[in-house]
Amino acid sequence: MEESKENILITKEQITEKVKEIGHIISEDYKGEEIYVLSLLRGSFIFAADLVREIKLPVKIGFMTTSSYGNEEVSKGKVKIINDIPDNISGLNVLIVDDIIDTGITMEFVYKHVKKLGAASVKTCTLLDKPERRKAGIAPDYCCFEIPDVFVVGYGLNYGDYFRNVPYIFNWN
Ligand code: IMP
Ligand code: MG
């Protein structure tokens, strides 16, 4: 698998700047409070790692794995919990962090799950948003970049489990 620099959609520098900005906004919005960041694996591990370092508040971090597309580019429309939240999140301010909201089915599922577990507040944060593809009635509270309906990889996003380590985001065709 070879990466192609010709199709760069979002550069490393653009990501760094935007993550800093979103981290600052989150820090302001939650001022005086604590946040439980729920990072959805595997796609958001790099974004979440960078984002939490830009949040200047007490933060706890947990991970959850849901079923993904596998090697397919099309959503199966069903979400399964592979690894559930490892902590008691009752009464906490939960910020769900994912790499991309596509159909929105994953984020909607996790949102409802977190609510059911008794979180005091639930907000969503995504690196990328593809609003054109939305099927579920969910919009992110925080979003770094809106993108058109193209398949992208890099900075945590994968194709065939490759490219997560690429520090920028590019079109995969
Ligand atoms: P949704 O449930 O359709 O919103 O899908 C969300 C998940 O689909 C993301 O967390 C990604 O794992 C995957 N996904 C959607 N679009 C892309 C893409 O363009 N590149 C890589 N993964 C994607
Ligand atoms: Mg994912």
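What this report covers is the structure whose coordinates are included nearby. (Residues numbered from 1 in each chain as written. Chains lettered and ligands numbered in written order. Predicted model: local features only at pLDDT ≥ 70, side-chain atom pairs only at ≥ 80, totals over all residues. Heavy atoms only, no water.)

Focus: the side chain of Thr66
Turning to its location among the elements, Thr66 is positioned in strand E3 (residues 59-66). If near-sequence neighbours (up to four positions away) are discounted, Thr66 is found in contact with Leu41, Val79, Lys80, Ile81, Ile82, Thr106 and Val110. (Helix = DSSP H or I, 4+ residues; strand = E, 2+ residues; numbered from the N terminus. Contact = heavy atoms within 4.5 Å.)

A look at the packing of aromatic side chains
As enumerated under the stated definition, the model contains six aromatic pairs in all. Ring centres 5.6 Å apart and planes at 85 degrees place the aromatic pair Phe163 and Phe170 in the edge-to-face group. Taken as a pair, Phe163 and Phe170 share a single burial class, namely buried. Counting every residue linked through ring pairs, the aromatic cluster contains Phe151, Tyr159, Tyr162, Phe163, Tyr168, Phe170 and Trp172. The ring centre of Tyr30 lies 5.2 Å from the NZ or CZ of Lys123, which sits over that ring. (Phe/Tyr/Trp six-rings, centres within 6.5 Å; stacked < 30°, edge-to-face > 60°. Buried < 20%, exposed > 50% of the residue type's maximum accessible area, 1.4 Å probe, protein only. Lys NZ or Arg CZ within 6 Å of the ring centre and 35° of its normal.)

Looking at the environment of Lys56
Note that Lys56 resides in the loop between helix H2 (45-52) and E3. Each C-alpha atom, one on Lys56 and one on Gln14, is 21 Å from the other, the two residues being 42 residues apart in sequence.

Overview of the packing of helix H1 (residues 12-29) against H2
Contact pair H1 / H2: the axes reach a minimum separation of 9 Å and the direction vectors enclose 60 degrees. Taken together, H1 and H2 sit at an angle that is classed as oblique. With respect to the hand of their crossing, H1 and H2 are arranged in right-handed fashion. Seen from H1, the contacting residues are Val19, Ile22, Gly23 and Ile26; seen from H2, they are Phe47, Asp50 and Leu51. The residue makeup of the contact of H1 with H2, split by class, is five nonpolar, one polar and one charged. (Axes fitted to C-alpha atoms, helices over the stretch in contact; angles between N-to-C directions. Parallel < 35°, antiparallel > 145°, perpendicular 65-115°, else oblique. Left-handed = near helix turned anticlockwise from the far one by under 90°. Nonpolar A, V, L, I, M, F, W, Y, C, P; charged D, E, K, R; others polar.)

Focus on the sheet that holds strand E7 (residues 142-146)
If you trace the six strands from one edge of the open sheet to the other, you get E4-E3-E2-E5-E6-E7, paired in mixed fashion. Looking along the sheet, the strands with just one partner apiece sit at the ends: strand E4 (81-83) and E7. The mean angle between the axes of side-by-side strands here comes to 30 degrees, regardless of whether they run parallel or antiparallel. Where strand E6 (residues 121-129) and E7 come together, four bridges link them in parallel fashion. (Pairing = 2+ DSSP bridges.)

Focus on the environment of Glu108
As for its position among the elements, Glu108 is in helix H3 (residues 105-116). For Glu108, a relative accessible area of 26% gives the class partly exposed. As for Glu108 and Ala139, which are separated by 31 residues in sequence, their C-alpha atoms are 9.2 Å apart. Ignoring anything within four residues of it in the chain, the contact list for Glu108 reads Ala136, Gly137 and Ile138.

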